[in-house]
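# A look at the structure
The lines below spell out each chain.
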Amino acid sequence: MTSRPDPSSRIQSSPLYNPDLAPTTPEQRHWGTYNYAALWISMSVNILTYMLAASLIQGGMDWKQAVFTVFLGNTIVLVPMLLNSHPGARYGVPFPVLARASFGVLGANVAAVLRALVACGWFGIQTWVGGEAVSSLLTILFPGWAHVAYGTAICFFVFWLINLAVILKGIEYIRFLQGISAPVLLAVGLLLLGWAYKTAGGFGPMLAAPSKFANFADFLKFLIPALNATVGFWATVSLNIPDFTRFARSQRQQVIGQALALPTTMTLYSLIGILVTSATVVIYGSAIWDPVQLIARFHSPVAVVISMVAILLATLNVNIGANVVSPANDFSNLWPRGISFRTGGVITCFMGIALMPWKLLANYKTFILGWLGGYAAFLGPVAGIMICDYFVIRGRELQVEDLYLRGGAYEYRHGFNWLALVALAAGAGTALVGLVVPSLRPLYDYSWFVGFAVSFVAYYGLMKMQPAPNLAEST
């Protein structure tokens, strides 16, 4: 592991610096294999993992097809995850600062804002799920609440205020929850699985729910966007994973921790969602992919109250950890001297409302084809550019001080590497063509893969045309 000294006074006086974006010191690097495995267990065991898997059943897959899709997608996304982890662990810099190497010290804001907006959307979605749980809990305790107009919307804002209060107090305020959030949600999942097993008459009927696809061609039409969505599910964190690996004790420990925990935890917890949703087809005649709505059908008030409280605690913890850390850093990168990590978190809260999460969760088609597939068209290209720049163009060598300085190695043209922006536009544009040209629909269905490949190749070609891509261009 390469140790880094404390930031010099030269960096500290730069307008591109603040303490939240500074390189980590050797004393701050205390995350080991266990910490990274625990991080992924905590983030993977959440309601949206369950909903992603359940949506595959609702879309027509049988349980084997759904499990295969989730495992394959998470194994694929592990590759860019580990590649982007390397510079964070080696140099101790967060994602928006790392992006300055490829996009320029000011152009990095384009990549950071794209990532931040996606995180804001996820923050809103998680908060809406929490609001639904609050509403269901109130209905059990006070049956009259079911007749209150806009009850779910009111509960959404209540849960939103709870998230805002935690952000204002600081992430440390809920650190004690991180150790129990995953076990709590795992217990809720097992409770649902036990209920499904008993009510559906055993695993036989649950696993007997057939695929709705008449032939392989029909299955493939749904598999492609479903696999793209599964990759897109963690494509967000595959970009900002340096925000976490910057605290790693060594490369080996962060790699092992992530490789062991991400695909396995996602697949195992998804399996619970898949089996329970398959059981709802047997029990109710249709797939219920939202666990909050399913729990609300239980006849035991005690079981409902315990389950809803568990979901609220876990959702709060995951929301802060997975959906606030990155955008808070990203918004701080826009104006390091004026926007602190905490202020960035507050901006995230308000953007979460503006992106209307209730529409994103309207149905599985909106969730998989619209939300997950849509933002993958932009995040895939960003990943392709950053990975090409770090591993191919620069051979894993960065000048850390220059990442925080104007006029340095990453100034390019007035702070922007226009070649990276052109490559980004080429990748995203190619993927989005599939939305407007029906015959090219596969380009959009595989938006993350298409965007990554096109931008990687375009960026490599454009940078190789330059006489000295690693040298600063005078302003």
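Right, let's walk through the structure included here. (Residues numbered from 1 in each chain as written. Predicted model: local features only at pLDDT ≥ 70, side-chain atom pairs only at ≥ 80, totals over all residues. Heavy atoms only, no water.)

## A short note on the overall build of the protein chain
Our working definition: The way it works is that DSSP assigns letters per residue, a run of H or I at least four long becomes a helix, a run of E at least two long becomes a strand, and they are numbered from the N terminus. Based on C-alpha atoms, the radius of gyration is set beside the globule rule, defined as 2.2 Å times the residue count to the power 0.38. Burial classes: relative accessible area under 20% of the type maximum marks a residue as buried, over 50% as exposed, and values in between as partly exposed (1.4 Å probe, protein chains only). Two residues qualify as a contact provided that any one of their heavy atoms is within 4.5 Å of a heavy atom in the partner residue. Where accessible areas are quoted, they stem from the Shrake-Rupley method and a 1.4 Å probe; at the residue level, only the protein chains shown are allowed to cover. When charges are counted, Lys and Arg contribute as positive and Asp and Glu as negative, whereas His and the chain ends are disregarded. By convention, charge coordinates are those of NZ in Lys, CZ in Arg, CG in Asp, or CD in Glu.
Within the protein chain, the regular secondary structure consists of 22 helices and zero strands. The C-alpha atoms of the protein chain give 22 Å as radius of gyration, which agrees with the globular expectation for 475 residues (23 Å, within 12%). Across its three principal directions, the C-alpha atoms of the protein chain cover 70 × 50 × 40 Å. By residue count, 58% of the 475 residues in the protein chain fall in the buried class. Nonlocal contacts in the protein chain, meaning residues at least 24 apart in sequence, comprise 84% of its contacts between residues at least 6 apart. For the protein chain, the exposed surface amounts to about 18200 Å²; the carbon and sulfur share of it is 68%. Charge-centre separation for the protein chain: the mean point of 26 positive side chains lies 4 Å from the mean point of 17 negative side chains.

## Points about the pattern of salt bridges
Put simply, the rule is: Salt bridges are counted wherever a side-chain nitrogen of Lys or Arg sits within 4 Å of a carboxyl oxygen of Asp or Glu.
With the rule as written, the count across this model stands at four salt bridges. One salt bridge connects Arg-441 with Asp-445, and the closest N-O pair in it is separated by 3.1 Å. On the criterion of helical spacing, the pair formed by Arg-441 and Asp-445 is a turn pair, its members being four residues apart in helix α21 (residues 441-445). Arg-441 gets classed as partly exposed once you look at its relative accessible area, which sits at 29%.

## Examining the side chain of Ser-85
To keep things clear, this is the line we draw: The term polar contact refers here to a pair of N or O atoms within 3.5 Å; inside protein, the definition further demands a hydrogen-donor-capable atom paired with an acceptor-capable atom, and it admits residues adjacent in sequence only when both atoms are side-chain atoms.
You can see Ser-85 is positioned in helix α4 (residues 63-91). For Ser-85, a relative accessible area of 0% translates into the label buried. Here the side chain of Ser-85 touches Gln-258 through a polar contact of 3.0 Å, side chain to side chain. When sequence neighbours within four positions are dropped, the list of residues in contact with Ser-85 reads Ile-241, Thr-245, Gln-251, Gln-254 and Gln-258.

## Here's the deal with the packing of aromatic side chains
Convention followed: The rule is short: rings of Phe, Tyr and Trp, with Trp giving its six-membered ring, pair when the centres are within 6.5 Å, and they are stacked under 30 degrees, edge-to-face over 60, tilted in between.
According to the stated counting rule, one finds 24 aromatic pairs in the structure shown. Geometrically, the ring pair formed by Trp-195 and Tyr-284 is stacked, given 6.4 Å between the ring centres and 25° between the ring planes. Of the two residues, Trp-195 sits in helix α8 (residues 175-200) while Tyr-284 sits in helix α13 (residues 251-284), which places them 89 residues apart along the sequence. Centroid distance Trp-448 to Phe-449: 5.5 Å. Interplanar angle 85°. Geometry classified as edge-to-face. Ring-pair connections join several aromatic residues into one group, and the members of that group are Trp-40, Trp-122, Phe-233, Trp-234 and Tyr-375.

## Brief notes about the side chain of Gln-65
Note on placement: Gln-65 falls in helix α4. Within the local environment of Gln-65, its side chain forms a polar contact with the side chain of Ser-211, the two groups lying 3.3 Å apart.

## Side note on the nonpolar core
For clarity, the cut-off: Residues grouped as a nonpolar core are buried Ala, Val, Leu, Ile, Met, Phe, Trp, Tyr and Cys residues, joined through side-chain atoms within 4.5 Å.
Membership of the largest hydrophobic core comes to 122 residues, with the highest contact counts inside it found for Trp-40, Phe-103, Trp-234 and Tyr-459. For Trp-40, the contacting residues outside a window of four places in its chain are Met-81, Trp-234, Val-237, Ile-241, Gln-258, Ala-261, Leu-262 and Thr-265. In this structure, Met-61, Val-67, Val-70 and Phe-219 belong to the second largest nonpolar core, which totals 13 residues.

## Focus on the packing of helix α3 (residues 47-58) against helix α10 (residues 216-233)
Test applied: Axis lines are fitted through C-alpha atoms, for helices just across the contact stretch, and the angle between N-to-C directions can take any value from 0 to 180 degrees. Each angle gets one of four labels, with under 35 degrees taken as roughly parallel, over 145 as roughly antiparallel, 65 to 115 as roughly perpendicular, and the rest as oblique. Charged means Asp, Glu, Lys or Arg here, nonpolar means Ala, Val, Leu, Ile, Met, Phe, Trp, Tyr, Cys or Pro, and polar covers whatever is left, Gly included.
Contact pair α3 / α10: the axes reach a minimum separation of 11 Å and the direction vectors enclose 175°. By the angle between their directions, the pair α3 and α10 is classed as roughly antiparallel. Residue-level contacts link Leu-48, Thr-49, Leu-52, Ser-55 and Leu-56 of α3 to Phe-222, Ala-226, Thr-230 and Phe-233 of α10. The residue inventory of the contact of α3 with α10, partitioned by class, reads six nonpolar, three polar and no charged.

## Concerning helix α17 (residues 341-354)
For an α-helix, 3.6 residues make a turn, and residues three or four places apart therefore share a direction. Heads up, the condition is: Take the number of residues in a helix, subtract one, and multiply by 1.5 Å to get its expected span.
The first and last C-alpha atoms of α17 sit 20 Å apart over 14 residues, in line with the 20 Å expected at 1.5 Å per residue. Buried within α17 are the following residues: Gly-344, Gly-345, Thr-348, Cys-349, Gly-352 and Ile-353. Turning to α17, the residues buried within the fold contact α6 (108-141), α7 (151-169), α15 (301-323), α16 (325-334) and α18 (357-360).

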